[in-house]
Amino acid sequence: MIKHHLNDRLLMAYSAGTLPEAFNLVVATHISMCDECRARLASFDAVGGALIEETAEQAQMETGALAATLARIKSTQPSTRPDAPRPMRDVVLPEPLRAYAGGGVEQIDWRNVGGGVKQAILPTSRHASARLLYIPGGAAVPDHGHRGMELTLVLQGAFADEQDRFGPGDIEIADEDLHHQPVAEPGMACICLAATDAPLKFRALLPRLAQPFLQI
Ligand code: ZN
Ligand code: ZN
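Residues numbered from 1 in each chain as written. Chains lettered and ligands numbered in written order. Predicted model: local features only at pLDDT ≥ 70, side-chain atom pairs only at ≥ 80, totals over all residues. Heavy atoms only, no water.

Concerning the overall build of the chain
So, point 1. Scanning the chain from N- to C-terminus turns up 6 helices and 11 strands.
So, point 2. Out of the 216 residues in the chain, the part that is buried amounts to 45%.
So, point 3. Surface accessibility of the chain: about 11300 Å² in total, with carbon and sulfur atoms responsible for 55%. (Helix = DSSP H or I, 4+ residues; strand = E, 2+ residues; numbered from the N terminus. Buried < 20%, exposed > 50% of the residue type's maximum accessible area, 1.4 Å probe, protein only. Areas by Shrake-Rupley, 256 points an atom, 1.4 Å probe, with all protein chains shown as cover.)

The structure is reproduced here in structure tokens:
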């Protein structure tokens, strides 16, 4: 039962193809797990399509404007938007993610980042970064703030922070206003997909020193 969903701003930007690849990946993965957001995306896609058609028609009436409009449409087309196929609930990594992770959860090339927490950075464009996080049951990610936007999607297990509890399929949208410390629930390890468009702000010295090496 998914409780935390994508907001309209993200769905609209995804539909328009203006998100960086790392955020596209998180949005596509959530949509592959969530019927509600898939339906909302379909209506944004329909509105966007109608707007583009209307713009093109108007431009045809103006001499020379058509070429410019077509060029504009072409330049706003999503180039790095992964498709969100139907849900596959029996696997930890849904399809759009498997291509980036090089296969299933067994194939992930985990690197230790301390405290039992592991990460695997995924290959996306440099405008934002995407990583898989493995947080053992009961373990915590160092508390931090954000310089930009951070999207965290739970794939397995659950974590809780100052905001709420996040279970499988839930997405947390964090920005400059949120300072938090995600802690995995006791028991099963929590596996998340996280994307950020700016470095995090760590309060403690150790994570701050490790930051350049972890690219976080
Ligand atoms: Zn949703
Ligand atoms: Zn955060």
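Overview of the coordination of the zinc ion (ligand 2)
So, point 1. Every protein donor of the zinc ion (ligand 2) is listed here as His144 (NE2), His146 (NE2), Glu150 (OE), Glu150 (OE) and His180 (NE2), and their distances to the metal cover 2.0 to 2.7 Å.
So, point 2. Here Glu150 falls in the buried class, since its relative accessible area comes to 6%.
So, point 3. On the basis of relative accessible area, His180 is assigned to the buried category, the value being 1%. (Donors = N, O, S within 2.8 Å, 3.2 Å for Na, K, Ca; no water.)

Observations regarding the coordination of the zinc ion (ligand 1)
Ideal geometry at a metal gives 109.5 degrees between four tetrahedral donors and either 90 or 180 degrees between six octahedral ones.
So, point 1. All of the protein donors around the zinc ion (ligand 1) are His5 (ND1), His30 (NE2), Cys34 (SG) and Cys37 (SG); their distances to the metal are 2.1 to 2.3 Å.
So, point 2. If you look at the zinc ion (ligand 1), its 4 donor atoms make angles of 97 to 126° with each other, and the shape they trace is tetrahedral.
So, point 3. For the zinc ion (ligand 1), all donor residues lie on one chain, and their spacing in sequence is H-x24-H-x3-C-x2-C. Of this pair, His5 sits in the segment before helix H1 (8–16) while His30 sits in helix H2 (residues 21–33), and the two are 25 residues apart along the sequence.
So, point 4. Among the residues examined, His30 registers a relative accessible area of 0% and is labelled buried. (Tetrahedral: all angles 85-135°; square planar, octahedral: opposite > 155°, others 65-115°.)

Structural notes on the side chain of Asp170
So, point 1. Among the secondary structure elements, Asp170 is positioned in the loop between strand S7 (165–166) and strand S8 (171–174).
So, point 2. One buried charged residue, Asp170, forms no salt bridge at all, with the nearest opposite charge on Arg165 at 5.2 Å.
So, point 3. Here the side chain of Asp170 touches His4 through a polar contact of 2.8 Å, landing on its backbone nitrogen.
So, point 4. A distance of 2.9 Å separates the side chain of Asp170 from the backbone nitrogen of Gly167, its partner in a polar contact.
So, point 5. When sequence neighbours within four positions are dropped, the list of residues in contact with Asp170 reads Ile2, Lys3, His4, Thr152, Leu153, Val154 and Arg165. (Lys, Arg positive; Asp, Glu negative; His and termini not counted. Salt bridge = Lys/Arg side-chain N within 4 Å of Asp/Glu carboxyl O. Polar contact = N/O pair within 3.5 Å; in protein donor to acceptor, adjacent residues only side chain to side chain. Contact = heavy atoms within 4.5 Å.)

Things to note about the nonpolar core
So, point 1. Leu6, Ile31, Leu97, Leu122, Leu132, Leu155 and Leu193 are the most contacted members of the largest nonpolar core, which totals 37 residues.
So, point 2. Contributions of two or more residues to this core are made by H1, H2, helix H3 (35–61), helix H5 (95–101), strand S2 (117–122), strand S3 (129–135), strand S5 (150–156) and strand S10 (190–196).
So, point 3. The leading source of residues in this core is H2, at 8 residues.
So, point 4. Judged by nonpolar contacts, the second largest core, of 12 residues, contains Ile135, Val154, Phe166 and Ala184. (Core = buried A, V, L, I, M, F, W, Y, C linked by side-chain atoms within 4.5 Å.)

Focus on H2
So, point 1. Taking 1.5 Å of rise per residue, 13 residues should cover 18 Å, and H2 covers 19 Å from first to last C-alpha, within 8% of that figure.
So, point 2. Counting buried positions along H2 yields 13 of 13 residues, so the element is predominantly enclosed. (Expected span 1.5 Å × (residues − 1).)

Notes on the packing of aromatic side chains
So, point 1. Within the structure shown, the criterion is met by 2 aromatic pairs.
So, point 2. The interplanar angle of 25° and the centroid separation of 5.1 Å between the aromatic rings of Phe159 and Phe166 together place this pair among those described as stacked. With respect to class, Phe159 is no different from Phe166; both count as buried. (Phe/Tyr/Trp six-rings, centres within 6.5 Å; stacked < 30°, edge-to-face > 60°.)

A few points about helix H6 (residues 205–214)
So, point 1. Among all positions in H6, only Pro207, Gln211 and Leu214 are buried. An end-on view of H6 places all buried positions within 90° of arc, on one side of the element. Of the exposed residues in H6, the ones pointing more than 90 degrees away from its buried face are Leu205, Leu206, Leu209, Pro212 and Phe213.
So, point 2. As for H6, its buried residues are in contact with strand S1 (111–114), S2, S3 and strand S11 (200–202).
So, point 3. Among the residues trailing H6, Gln215 stands out with phi positive, at a value near 55°. (Arc of directions from axis to C-beta.)

Some remarks on the pairing of S2
So, point 1. Across 3 bridges, S1 lies against S2 in antiparallel orientation. Of the residues in S2, the one forming a bridge with Arg111 is Gln119.
So, point 2. Hairpin geometry of S1 and S2 is characterised by an intervening segment of 2 residues between the two adjacent antiparallel strands and by a positive phi of about 65° at Gly115.
So, point 3. The pairing of S2 with S3 spans 5 bridges and is antiparallel. Across the sheet, residue Ile121 finds its bridge partner in S3, namely Arg131.
So, point 4. Where S2 hands over to S3, the hairpin turn is made up of 6 residues, counted between the paired strands. (Pairing = 2+ DSSP bridges.)

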